[in-house]
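# Residue-level structural notes
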Amino acid sequence: MKDILQELETRRADARLGGGQKRIDAQHARGKLTARERVELLLDEGSFEEYDMFVTHRCTDFGMEKNRPAGDGVVTGWGTINGRMVYVFSQDFTVLGGSVSATHAMKICKIMDMAMQNGAPVIGINDSGGARIQEGVDSLAGYGEVFQRNIMASGVVPQISVIMGPCAGGAVYSPAMTDFIFMVKDSSYMFVTGPDVVKTVTNEQVTAEELGGASTHTKKSSVADGAFENDVEALAEVRRLVDFLPLNNRQPSPTRPFFDDVGRVEDSLDTLVPENANTPYDMKELILKLADEGDFYEIQEDFAKNIITGFIRLEGQTVGVVANQPMVLAGVLDIDSARKAARFVRFCDCFGIPILSLVDVPGFLPGTSQEYNGVIKHGAKLLFAYGEATVPKVTVITRKSYGGAYVVMASKHLRADVNYAWPTSEIAVMGAKGATEIIHRADAGNPEKIAEHTAEYEDRFANPFVAAERGFIDEVIQPRSTRKRVARAFAALRSKKQEMPWKKHDNIPL
């Protein structure tokens, strides 16, 4: 019996060493943790239950039968984050470059199947050289099986991808279908075709970092939701994100203890909006003053900064926030901001997270670039996302809300539940000057008359009361009381039930 137990421990020790000490040292020299170190940091101490530690590949071509490391380049299992169950897989770059074989993919699929059956999030840590070439189509088939699991799990359990090394070729499509992607600066990259192929086909000279590094994907492509300095910071932020999310689409988000007065009055909000309508102010100040303990988890902070998306808590419960940012492009909606916000709204709706919209929007960005690139379709994504969302929706208009952008930003007409406006808000088809020049075109040559007409228009329409008279605004509120009013609105909506007509699925304008 002792011999068998000793053999078990020996086999476990070999499996834990992955590709051997030399390769572990090389991984550390690159500033990267090993697959197992990452899992230990991500999960609560001592909570990890590993599966398939002894699985090996079955390839016999190219002499592969002589090199069959235990675990086959990926560590899989489950554990807890602050006591809540999650499933995890972590690719091991020290074992055959973390390359994906049929059995490597099988291990990932098993974990994803268990996550869906048991209703827990899946966190994938990607650090792989791609498909294992020696296995040919078997490797590609493995990828396909993983992709199908990503599709099946979408909207059922939260899926989070953490890119902590290379992720190239077909491998990128698995993270692309997950809900959140995080990257590590200077040590992770994602691209469909690498720099060498790009040079051969298009003659462009580009580095891996420029082509698919963290900066590229958080600022230009919007593929990634956040980039962090190192592995440790990235994993700590994933733990923080999981704390905001429900375990699956049938359970509510966790309620955390909070030590912040719901009726807290913020007198400074009465002067947040400047007297000059063209002067910007920072919408993040409002978000932080509404949130419990000023805690705000921003998503896609570096992309489309004219709109802000992220999570706060109100009375200890998770709320998704979508807010125009007057500091950037005056908070205008454009292709990038509409895509970013639509994706976020749809995630919140998938997982029953209420949505708070903070509105200061002068309209859609004009120009040939926007029109040629399909602002009509992309703008419709946000409109569609809000209109199909059945979670509680509360909207606060702080200043401008003009034209089609007024309708798009969670207006009463898109089934928002509670719509508030500050006294500083202006709800109209367009700004006073532009409207006057159209209505009173005959007086265009008379600046005095135009000024007089503009003043009249402002008196009549540059306020929230016309919309309030129609019932499109439920209440005009004092800015200082916004936290209390919004918290009470969400509290009143906790038992909301709303359904869409039966359909196989919708056809959102992609």
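All of these numbers come straight from a predicted model, not from anything done at the bench. (Residues numbered from 1 in each chain as written. Predicted model: local features only at pLDDT ≥ 70, side-chain atom pairs only at ≥ 80, totals over all residues. Heavy atoms only, no water.)

### Considerations on empty space enclosed by the protein
- This model, assessed by the stated rule, comprises three cavities of 30 Å³ or more.
- Looking at the largest cavity, its volume works out to about 190 Å³.
- Forming the boundary of the largest cavity are 20 residues, of which F89, I108, N126, V146 and S174 lie nearest the centre.
- Sorting the residues of the lining of the largest cavity by element identifies β3 (84-91), α4 (102-118), β4 (122-126), α5 (137-153) and β5 (159-163) as the ones contributing at least two each.
- Take the lining of the largest cavity: its biggest share by element is four residues, from β4.
- When grouped by side-chain class, the residues that make up the lining of the largest cavity number ten nonpolar, ten polar and no charged.
- Estimates place the volume of the second largest cavity at around 60 Å³.
- Lining the second largest cavity are 14 residues, and of these A15, R36, A70, G71 and V75 lie nearest its centre. (1 Å grid on protein atoms, 1.4 Å probe; cavity = no way out; pocket = protein on both sides within 12 Å on 5 of 7 lines; lining within 4 Å. Points joined across faces, edges and corners; volume = space filled by probe spheres on them. Helix = DSSP H or I, 4+ residues; strand = E, 2+ residues; numbered from the N terminus. Nonpolar A, V, L, I, M, F, W, Y, C, P; charged D, E, K, R; others polar.)

### As for the pairing of strand β13 (residues 355-361)
- Counted residue by residue, β13 has seven buried out of seven residues, so it is predominantly covered.
- Across the two faces of β13 the burial is the same, with I355, S357, V359 and V361 and L356, L358 and D360 all buried.
- Of the pairings in the sheet, the one linking strand β12 (residues 317-324) to β13 comprises four bridges and is parallel in character. Looking at the pairing, V321 lines up with L356 of β13.
- Of the crossover connections in this fold, the one passing from β12 over helix α12 (residues 335-350) to the parallel β13 is right-handed.
- Where β13 and strand β14 (residues 393-402) come together, six bridges link them in parallel fashion. Bridge pairing in β14 places S357 opposite T395. (Buried < 20%, exposed > 50% of the residue type's maximum accessible area, 1.4 Å probe, protein only. Pairing = 2+ DSSP bridges. Right-handed = clockwise from strand over helix to strand, strands pointing away.)

### What about the state of the cysteines?
- Tallied over the full model, the rule gives zero disulfides.
- Here C109 stays unpaired: no disulfide links it, and the sulfur of C167, its closest cysteine neighbor, is 15 Å away.
- C109 sits in the buried class, given a relative accessible area of 6%.
- Residue C350 stays outside any disulfide, its sulfur separated by 9.2 Å from that of C348, the closest cysteine.
- For C350, a relative accessible area of 39% corresponds to the partly exposed category. (Disulfide = S-S within 2.5 Å.)

### A look at the pairing of β12
- Here β12 lies mainly inside the structure; seven of its eight residues are buried.
- Here strand β11 (residues 307-314) pairs with β12 via eight bridges, running antiparallel. Looking at the pairing, F311 lines up with G320 of β12.
- Hairpin connection from β11 to β12: two residues lie between these consecutive antiparallel strands, with E315 at a positive phi of about 55 degrees.

### Comments concerning a negative patch on the surface
- On the surface, a cluster of negative charge is contributed by E448, E452, E456, E458 and D459.
- Structurally, E458 is set in helix α17 (residues 447-461). (Patch = residues over 30% accessible without salt bridge, like charges linked within 9 Å, V, L, I, M, F, W, Y side chains within 5 Å. Areas by Shrake-Rupley, 256 points an atom, 1.4 Å probe, with all protein chains shown as cover. Salt bridge = Lys/Arg side-chain N within 4 Å of Asp/Glu carboxyl O. Lys, Arg positive; Asp, Glu negative; His and termini not counted. Charge placed at Lys NZ, Arg CZ, Asp CG, Glu CD.)

### Details of the packing of aromatic side chains
- Inspection of the entire model under this criterion finds ten aromatic pairs.
- Each ring, one from F180 and one from F347, has its centre 4.8 Å from the other, and the planes form 70 degrees; the classification is edge-to-face. With a gap of 167 residues between them, F180 in strand β7 (residues 180-184) and F347 in helix α12 connect regions that are remote in the sequence.
- Residue F180 is classed as buried on the basis of its relative accessible area of 2%.
- Residue class for F347 comes out buried when judged on its relative accessible area of 6%.
- Positioned above the aromatic ring of F93, the side-chain terminus of K32 is 4.8 Å from the ring centre. (Phe/Tyr/Trp six-rings, centres within 6.5 Å; stacked < 30°, edge-to-face > 60°. Lys NZ or Arg CZ within 6 Å of the ring centre and 35° of its normal.)

### Remarks on the layout of surface pockets
- There is about 350 Å³ of room inside the second largest pocket.
- For the lining of the second largest pocket, the secondary structure elements donating two or more residues are α9 (214-219), β9 (226-228), α10 (231-242) and β10 (297-299).
- Among the elements that line the lining of the second largest pocket, the one with the most residues is α9, at four residues.
- Residue composition of the lining of the second largest pocket, by class: seven nonpolar, four polar and ten charged.

### Digging into the packing of helix α16 (residues 432-439) against α17
- It is the contact of α16 with α17, at a shortest axis distance of 9 Å, that shows an interaxial angle of 120 degrees. As the angle between them shows, α16 and α17 are arranged oblique. α16 and α17 meet at a crossing whose hand is right-handed. Of the residues in α17, those in contact with A432, K433, A435, T436 and I439 of α16 are I450, H453, T454, Y457 and E458.
- Per-class residue counts for the contact of α16 with α17 are five nonpolar, three polar and two charged. (Axes fitted to C-alpha atoms, helices over the stretch in contact; angles between N-to-C directions. Parallel < 35°, antiparallel > 145°, perpendicular 65-115°, else oblique. Left-handed = near helix turned anticlockwise from the far one by under 90°. Contact = heavy atoms within 4.5 Å.)

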